[in-house]
Amino acid sequence: MKKQDIIFGIHAVEALLKHSPERIIELWLLQGREDERLTPLIRQAKAFGTSIQVTSRKVLDEKAESTQHQGIVARVKAAKILAEHDLDELLAKTDLPFLLILDGVTDPHNLGACLRNADAAGVQGIIVPKDNSVGLTAVVSKVACGAAETVPLFQVTNLARTMRHLQEKGVWIVGTAGEADCELYQADLKGPLAIAMGAEGKGLRRLSRECCDTLVSIPMSGSVSSLNVSVATGICLFEAVRQRRS
Ligand SMILES: C[S@@+](CC[C@H](N)C(=O)[O-])C[C@H]1O[C@@H](n2cnc3c(N)ncnc32)[C@H](O)[C@@H]1O
């Protein structure tokens, strides 16, 4: 099992310092990049007694395995992996569940963007199958802009079983598919809810689809056959937000 990870980028490290500073083992900073965006983070890290090293761009690029680190890279203890049984704890804490299911999203940019959307929409947790899905990688955290630290990610071994379990707990599962007859805007998204999105290439798997209480589509006017999954996720989540407010 992986014991350590890398997190990079200003927003991602900022969220880490805010929500789980105890996970940080050490920080590397770009030489000469002690500007106004980084200074508060350095101050916070120092207050936690975090080891900080100033280094070259080349070293940071290597540590992050990316050039997108914005001058800050953290080596962290791996986040606790949440599983099926942790979901019950979350459900017990909330009166009105609002969850997102991602059935096999493999692109880290898409998972990062979905986390960011989910945080903004007030989603309480994202559920993904353990296999054939991207996990919380450094790129996911960077793209999530801090949301990887705020939105719990549940990795389950059997997604269909978890969906049925949610239904037993009173959660209404709305699956999404371009060909569904019911439009998103006609669906009632006000109650205990999980919105299920499909994978980039294949969409929702057959069994996952069958576990949904209803399927909805986002109306499309142009010639493309589908939306990017993170864009579709944002649209669905914020339609739910709109309904739940009114
Ligand atoms: C790129 S699409 C997958 C396309 C796939 N060929 C299919 O047939 O579902 C990825 C996911 O985004 C969501 N999505 C994209 N466009 C959608 C639309 N017009 N209506 C509803 N969901 C959509 C669905 O969850 C879909 O599984």
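In the block above lies the structure referred to throughout.
Residues numbered from 1 in each chain as written. Predicted model: local features only at pLDDT ≥ 70, side-chain atom pairs only at ≥ 80, totals over all residues. Heavy atoms only, no water.

(A) Inspection of the overall build of the protein at higher detail. A count of helices and strands for the protein gives 9 helices and 11 strands. In terms of overall dimensions, the protein is globule-like: its C-alpha atoms have a radius of gyration of 19 Å, near the 18 Å expected for 246 residues. Counting only C-alpha atoms and orienting by the principal axes, one finds that the protein spans roughly 55 × 45 × 35 Å. A buried classification covers 50% of the 246 residues belonging to the protein. Partitioning the contacts of the protein with sequence separation of at least 6, the portion at a separation of at least 24 is 81%. Accessible area of the protein: about 12,300 Å², with a carbon and sulfur share of 50%. Taken as two groups, the 29 positive and 29 negative side-chain charges of the protein have centres that lie 4 Å from each other. (Helix = DSSP H or I, 4+ residues; strand = E, 2+ residues; numbered from the N terminus. Rg over C-alpha atoms; globule rule 2.2 N^0.38 Å. Buried < 20%, exposed > 50% of the residue type's maximum accessible area, 1.4 Å probe, protein only. Contact = heavy atoms within 4.5 Å. Areas by Shrake-Rupley, 256 points an atom, 1.4 Å probe, with all protein chains shown as cover. Lys, Arg positive; Asp, Glu negative; His and termini not counted. Charge placed at Lys NZ, Arg CZ, Asp CG, Glu CD.)

(B) How the structure looks around the sheet that holds strand 6 (residues 125-129). Read from one edge of the open sheet, 7 strands run 7-6-5-10-8-11-9, paired in parallel fashion. Two strands close off the open sheet at either side, each with one partner strand: strand 7 (153-156) and strand 9 (182-183). Bridge count for strand 6 against strand 7 is 4 bridges, and the pairing is parallel. By the bridge assignment for strand 7, isoleucine 126 is matched with leucine 153. Along the sheet, helix 4 (residues 84-93) contacts strand 5 (98-103), strand 6 and strand 7; its crossing angle with strand 7, the most-contacted strand, is approximately 140°. Relative to strand 5, helix 7 (residues 159-168) is tilted by about 160°, and along the sheet it contacts strand 5, strand 6, strand 7, strand 8 (172-176) and strand 10 (193-198). (Pairing = 2+ DSSP bridges. Axes fitted to C-alpha atoms, helices over the stretch in contact; angles between N-to-C directions.)

(C) Quick peek at the pairing of strand 6. Counting buried residues in strand 6 gives 5 out of 5 residues, a clear majority hidden from the surface. The handedness of the strand 5 to strand 6 crossover, carried by helix 5 (residues 108-121), is right-handed. Traced from strand 6 through helix 6 (residues 138-144) to strand 7, the parallel crossover comes out right-handed. (Right-handed = clockwise from strand over helix to strand, strands pointing away.)

(D) Broad picture of the layout of surface pockets. In this structure, the second largest pocket spans a volume of roughly 450 Å³. Those elements giving two or more residues to the lining of the second largest pocket turn out to be strand 10, strand 11 (214-217) and helix 9 (229-245). For the lining of the second largest pocket, the leading source of residues is helix 9, giving 3 residues. Considering only residue class, the lining of the second largest pocket consists of 11 nonpolar, 10 polar and 4 charged. (1 Å grid on protein atoms, 1.4 Å probe; cavity = no way out; pocket = protein on both sides within 12 Å on 5 of 7 lines; lining within 4 Å. Points joined across faces, edges and corners; volume = space filled by probe spheres on them. Nonpolar A, V, L, I, M, F, W, Y, C, P; charged D, E, K, R; others polar.)

(E) Highlighting the side chain of aspartate 86. Inspection of the secondary structure puts aspartate 86 in helix 4. Residue classification places aspartate 86 among the buried positions, given a relative accessible area of 11%. Looking at aspartate 86, its side chain comes within polar contact range of the main-chain nitrogen of alanine 83, at 2.7 Å. When sequence neighbours within four positions are dropped, the list of residues in contact with aspartate 86 reads Lys80, Ile81 and Phe154. (Polar contact = N/O pair within 3.5 Å; in protein donor to acceptor, adjacent residues only side chain to side chain.)

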